[in-house]
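# Summary of the model geometry
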Amino acid sequence: YLPSVRNNIVKEDIVVDVDNTVDYVKKILGSHKKGREHRTMVLLEKYLNIGNSTLVLCETVLDTKKTATTALKYLKQKKLLEDISEEIQIKKLIEFMQREDAGNEELVECLKYGIGFHNSKMSQQLKERIESLVAIGLIKVLCATTTLAQGMNFPITNVIFQFYSRRTREKNDK
């Protein structure tokens, strides 16, 4: 990352380890196949080194959870995450989730390190509480579907599109 007038996020150059390739990520995660989550981790590490919050836009509900838990595993291994489980707002959200009994053990673990996920299968109250943690900067990585983009205004500096699909014209389209 090199700062410029247009991307004035930070003032100094950010160096990313040269060994941070998809193969390196694959090795750390113990994977056998390369997948989009590996490319996402390369970008995520780069943007976490820059600072501020990063949104990973995922294609499906399942992808939000899978990407967040993969990020937790990879970024903990790289020692890029701080344990924030003692933050009062994190504790309150975890207590709320336990009362709600939503079966979100993965989300609880992710939240303890500033990672969250957001999708249409969550209760509205849970989504709003996660949104509030993003707004105050406790969640640094948020993996979400496009449901998040509906009218939200967050202090997110970076967005990673985990998927790309191109619309093709049908024969009958004119």
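As the structure is a computational prediction, the values presented were derived from the model and not from experiment. (Residues numbered from 1 in each chain as written. Predicted model: local features only at pLDDT ≥ 70, side-chain atom pairs only at ≥ 80, totals over all residues. Heavy atoms only, no water.)

## Digging into the packing of aromatic side chains
How two aromatic rings sit relative to each other is given by the distance of their centres and the angle of their planes. One pass over the structure, following the stated rule, counts zero aromatic pairs. The ring of phenylalanine 96 has arginine 129 lying over it, and the distance from NZ or CZ to the ring centre is 3.8 Å. (Phe/Tyr/Trp six-rings, centres within 6.5 Å; stacked < 30°, edge-to-face > 60°. Lys NZ or Arg CZ within 6 Å of the ring centre and 35° of its normal.)

## Describing the environment of isoleucine 84
With respect to the helices and strands, the residue isoleucine 84 is situated in the loop between helix 3 (61-77) and helix 4 (88-100). A sequence separation of 55 residues divides isoleucine 84 from isoleucine 139, and the C-alpha atoms of the two residues are 9.6 Å apart. Those residues in contact with isoleucine 84, other than ones at most four positions away along the chain, are Ile90, Leu111, Lys112, Tyr113, Gly114 and Leu138. (Helix = DSSP H or I, 4+ residues; strand = E, 2+ residues; numbered from the N terminus. Contact = heavy atoms within 4.5 Å.)

## Digging into the environment of valine 56
As for its position among the elements, valine 56 is in strand 1 (residues 53-57). Assessed through its relative accessible area of 0%, valine 56 is described here as buried. Linking valine 56 and leucine 44, residues twelve residues apart in sequence, is a C-alpha distance of 8.3 Å. When near neighbours in sequence (up to four residues on either side) are disregarded, valine 56 contacts Thr40, Leu44, Thr67, Leu142, Cys143, Ala144, Ile160 and Gln162. (Buried < 20%, exposed > 50% of the residue type's maximum accessible area, 1.4 Å probe, protein only.)

## Side note on the packing of helix 4 against helix 6 (residues 124-135)
Across the interface, helix 4 lies against helix 6 with an axial gap of 11 Å and an inter-helix angle of 170°. The angle between helix 4 and helix 6 places the two elements in the roughly antiparallel class. Residues Gln89, Ile90, Leu93, Phe96, Met97 and Glu100 of helix 4 touch helix 6, and the partners they reach there are Gln125, Leu126, Arg129, Ile130 and Leu133. Classifying every residue of the contact of helix 4 with helix 6 gives seven nonpolar, two polar and two charged. (Axes fitted to C-alpha atoms, helices over the stretch in contact; angles between N-to-C directions. Parallel < 35°, antiparallel > 145°, perpendicular 65-115°, else oblique. Nonpolar A, V, L, I, M, F, W, Y, C, P; charged D, E, K, R; others polar.)

## Observations concerning the sheet that holds strand 2 (residues 115-118)
Ordered in space as 2-3-1-4, the four strands form an open sheet in which the pairing is parallel. Two strands close off the open sheet at either side, each with one partner strand: strand 2 and strand 4 (156-161). Shown here is a sheet whose adjacent strand axes are inclined to one another by a mean of 20°, direction ignored. Bridging between strand 1 and strand 3 (residues 141-144) involves four bridges; their strand directions are parallel. Bridge assignment links leucine 55 to a residue of strand 3, and that residue is leucine 142. The strands touched by helix 3 within the sheet are strand 1, strand 2 and strand 3, with strand 2 carrying the most contacts at an inclination of about 175°. (Pairing = 2+ DSSP bridges.)

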